[in-house]
Amino acid sequence: MIQHDVVIVGAGLAGMRSALEVCKELDVGMLTKVYPSRSHSGAAQGGIAASLGNSESDSWEEHMFDTVKGGDFLSDQDAVEEYVKAAPRVIYELEHMGCVFSRTPDGKIAQRSFGGHSKPRACFSADRTGHAILHALHEQLLKNAKSVKIYNEWYMHALIVDGDRCNGVVVSNIQSGEVEVIQAKAVVFCTGGYGRVFKITSNAFASTADGVMAAYAAGIPLEDLEFVQFHPSGLYRQGILFSEAARGEGAYLLNGNGERFMKEYAPSRMELAPRDIVARAEQSEMDAGRGVDGKDCIHLDLRHLGEARIMERLPQIRQLGIDFLGVDCVADCLPIQPTAHYSMGGIPTDLHSHVIIDAGGTRMNGFFAAGECACVSVHGGNRLGTNSLLEAVVFGERAGKSVLEYVAGIDHGNVNEGREKARVLKKFEDVFQRDGSESYNAIREEMKEVMMTHCGVFRDAEKLNVCIETLQGLQERFKKGKVTDKGKLFNTEIYEILELGNMLSIAQLIANNALQRKESRGGHFRTDYPKRDDVNFLHHSMVYGSQNGPVVKPKPVVITKHQPAERTY
Ligand SMILES: Cc1cc2nc3c(=O)[nH]c(=O)nc-3n(C[C@H](O)[C@H](O)[C@H](O)COP(=O)(O)OP(=O)(O)OC[C@H]3O[C@@H](n4cnc5c(N)ncnc54)[C@H](O)[C@@H]3O)c2cc1C
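A.B. asks: With reference to specific residues and values, describe helix α12 (residues 440-454).
C.D. replies: Between its first and last C-alpha atoms α12 spans 21 Å; for 15 residues at 1.5 Å apiece the expected length is 21 Å, and the two agree. For α12, the set of buried residues is Y440, I443, R444, M447, K448, V450, M451 and M452. The elements touched by buried residues of α12 are β11 (228-235), β14 (334-343), α11 (417-433), α13 (461-478) and α14 (492-516). Here α12 starts with a cap whose side-chain oxygen sits 3.2 Å from the backbone nitrogen of N441, and that cap is S439.

Printed below as a string of structure tokens:
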């Protein structure tokens, strides 16, 4: 059995930042199924928010208000307050660690505008911000290589829980196929989001809900799963992201008639309204037959920005258009559509990144979560752009601090190695021994399709019921799937099947939560209940596993400074 003081699952911004916090005092194991710097954080383009006030005067109070309003008043305001207050410090720390931010002419950290933020507060490194931060953190970790062991291309299967305490994880080495138990005094999940559940998504292949579903399987409820963000500018038919930074720098959105249609939907903020509003506006234009060339797409127009500015601020976006579409945005518009982008929901935590197991905030000892897999919840019903990298860094650090406090003076808990290993080996065996004929690829495609068409930007009871039924059918077929590679070494097929299992399960939970939330708020829009309903639904949704399937219960929203008000832009 492998032993560490703490095991961190995930090597994106949240995992790296929390590892940095603990590695100076504790022995850390950090596990990741992809090479650390290939974690999805590295794909983040547009920026990281902080009220530095380098371009215009700004304050944490304004950042807080924008975040709460952007989240449609579902954010827990105590968490938001601490998080926006921490932001400026966090940016300077990243800079001192070696993260290269773009500059103003007088040498300050430059800040650009972003959707829903009333001030320019996105700090950025051209349009490769996640890459710059992830590499800076990775370098810092390598400097501490003595106390951090990175398990690169290892897969976490299950959480080990004994009563009210978490004692480790069951994992396997993807290369050798060996299953191992890691015993740890504390476990931190930083496993990212689950956008791959949808057909059109900006998310990396690794964003498949493994961590969230491992927590659920261990008896931990999940929070606010119905809130999935669709980003307005995904590459047409592929979903690859064209950062909101493009609009932040001044790009327009045009419908098929060449009109800047956002004037009809958010006249004061236009293209820089929050993402849920812009994505719905685009979908409404397309549904009304005003897409470009009669298709399900909209134009992102950067032509007026000019080549020099595009090359200085948005070089990656230009290259993506050229590589994937043969369209150079200096001369032509880019075809885009809404793309599944971010999961507001996840593993419930308190504002110290401690995982909680009920609406009253009871902690699961030794279990922490941070970053996109966690639900603190600072983003409420809809996350503002650039607030997620900030969340990953702030709460990654907090998870680290909480772990240091928690493990002081405690021993490792009990782990029955044989039993834990056997559980996971049985999962492998189950898949290998299936004598089925169903294609896992077909099941995956059908899941993605139905989630996109029936649980996407616009939802209603009829669509959601069809979605739930379809997913149930897919679950049945999943049990009769056909695996072609039964080898042990680097068997990527088996891992894709396990990931598909996680995605099918979370898809069912998302659709079920969406059916039960009979209102429209943030990223969750019900055409049969188009209004926000604060009387009946101003609460988080906690879904608990039970013998009879998932049970959804409310959890109160923490409201401190800002009472819910109508959300107009
Ligand atoms: C294209 C794109 C652009 C974005 N741009 C921005 C932006 O400009 N600003 C902003 O604020 N936000 C942005 N976001 C959102 C933001 O990047 C993410 O929410 C954030 O980076 C998530 O960080 P994380 O550390 O929580 O997870 P990730 O970076 O997703 O890392 C997850 C880690 O978990 C590991 N993992 C998962 N499952 C397992 C398993 N079973 N076993 C072992 N390891 C596992 C993975 O290997 C990986 O290391 C963007 C997102 C996308 C997709």
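On we go.
A.B. asks: Requested: an account of the pattern of salt bridges, with residues and values cited.
C.D. replies: Scanning the entire structure with this criterion turns up 50 salt bridges. Ionic pairing is found between R103 and E95, a salt bridge with its closest N-O pair at 2.4 Å. Residue classification places R103 among the partly exposed residues on the basis of a relative accessible area of 36%. Taken together, the shared-partner salt bridges in this structure form one network comprising D72, E226, D276, R280, R517, E519, R521, R532, D534 and R567.

A.B. asks: Describe the layout of surface pockets, with residues and values.
C.D. replies: In this model, the second largest pocket occupies a volume close to 790 Å³. M213, A217, K427, N502 and S505 are the residues nearest the centre of the second largest pocket, which is lined by 31 residues in total. If you list the elements that add at least two residues to the lining of the second largest pocket, you get β7 (154-162), α5 (210-217), α11, α13 and α14. Of the residues contributing to the lining of the second largest pocket, the split by class is 18 nonpolar, six polar and seven charged.

A.B. asks: Got a sec to walk through the sheet that holds strand β13 (residues 298-301)? Specific residues and values, please.
C.D. replies: Spatially, four strands are ordered β11-β14-β13-β12 in an open sheet, and the strand pairing comes out antiparallel. At either margin of the open sheet sits one strand with a lone partner, and together these are β11 and β12 (252-254). On average, adjacent strands in this sheet sit at an angle of 45 degrees to one another, irrespective of strand direction. As paired elements, β11 and β14 share six bridges and run antiparallel to each other. Paired with V228 across the strands is S343, a residue of β14.

A.B. asks: Just give me the short version of the site of the ligand, but keep the residues and values in it.
C.D. replies: Among the 37 residues in the neighbourhood of the ligand, the closest are listed as S39, H40, S41, E372 and S388. Within the contact set of the ligand, a nitrogen atom lies 2.8 Å away from a backbone nitrogen or oxygen of M156. Out of a free accessible area of 1,000 Å², the ligand has 98% covered by protein chains. Going through the elements one at a time, α1 (13-22), β2 (28-32), β7, β14 and α10 (387-407) are the ones with two or more residues in the shell around the ligand. In terms of residue class, the shell around the ligand is made up of 15 nonpolar, 18 polar and four charged.

A.B. asks: Any chance you could break down the sheet that holds strand β5 (residues 122-123) for me, citing the residues and the numbers?
C.D. replies: Across the sheet, three strands lie side by side as β3-β5-β4; this open sheet has antiparallel pairing. Strands with a single pairing partner mark the edges of an open sheet, and in this sheet they are β3 (48-49) and β4 (111-112). Of the strand pairs in this sheet, β3 and β5 are connected by two bridges, and their pairing is antiparallel. Bridging across to β5, I48 finds its partner in C123.

A.B. asks: Hey, could you go over the state of the cysteines for me, with residue numbers and the actual values?
C.D. replies: Taken as a whole and assessed by the stated rule, the structure comprises zero disulfides. Note on C123: no disulfide assigned, nearest cysteine sulfur contributed by C99 at a separation of 9.4 Å. Look at C123 and you get buried, because its relative accessible area is 0%. With no disulfide of its own, C297 lies 10 Å from the sulfur of C333, the closest cysteine sulfur. A relative accessible area of 3% places C297 in the buried class.

Thresholds, definitions, all that
- Residues numbered from 1 in each chain as written.
- Predicted model: local features only at pLDDT ≥ 70, side-chain atom pairs only at ≥ 80, totals over all residues.
- Heavy atoms only, no water.
- Helix = DSSP H or I, 4+ residues; strand = E, 2+ residues; numbered from the N terminus.
- Expected span 1.5 Å × (residues − 1).
- Buried < 20%, exposed > 50% of the residue type's maximum accessible area, 1.4 Å probe, protein only.
- Contact = heavy atoms within 4.5 Å.
- Polar contact = N/O pair within 3.5 Å; in protein donor to acceptor, adjacent residues only side chain to side chain.
- Salt bridge = Lys/Arg side-chain N within 4 Å of Asp/Glu carboxyl O.
- 1 Å grid on protein atoms, 1.4 Å probe; cavity = no way out; pocket = protein on both sides within 12 Å on 5 of 7 lines; lining within 4 Å.
- Points joined across faces, edges and corners; volume = space filled by probe spheres on them.
- Nonpolar A, V, L, I, M, F, W, Y, C, P; charged D, E, K, R; others polar.
- Pairing = 2+ DSSP bridges.
- Axes fitted to C-alpha atoms, helices over the stretch in contact; angles between N-to-C directions.
- Near = heavy atom within 4 Å.
- Areas by Shrake-Rupley, 256 points an atom, 1.4 Å probe, with all protein chains shown as cover.
- Disulfide = S-S within 2.5 Å.

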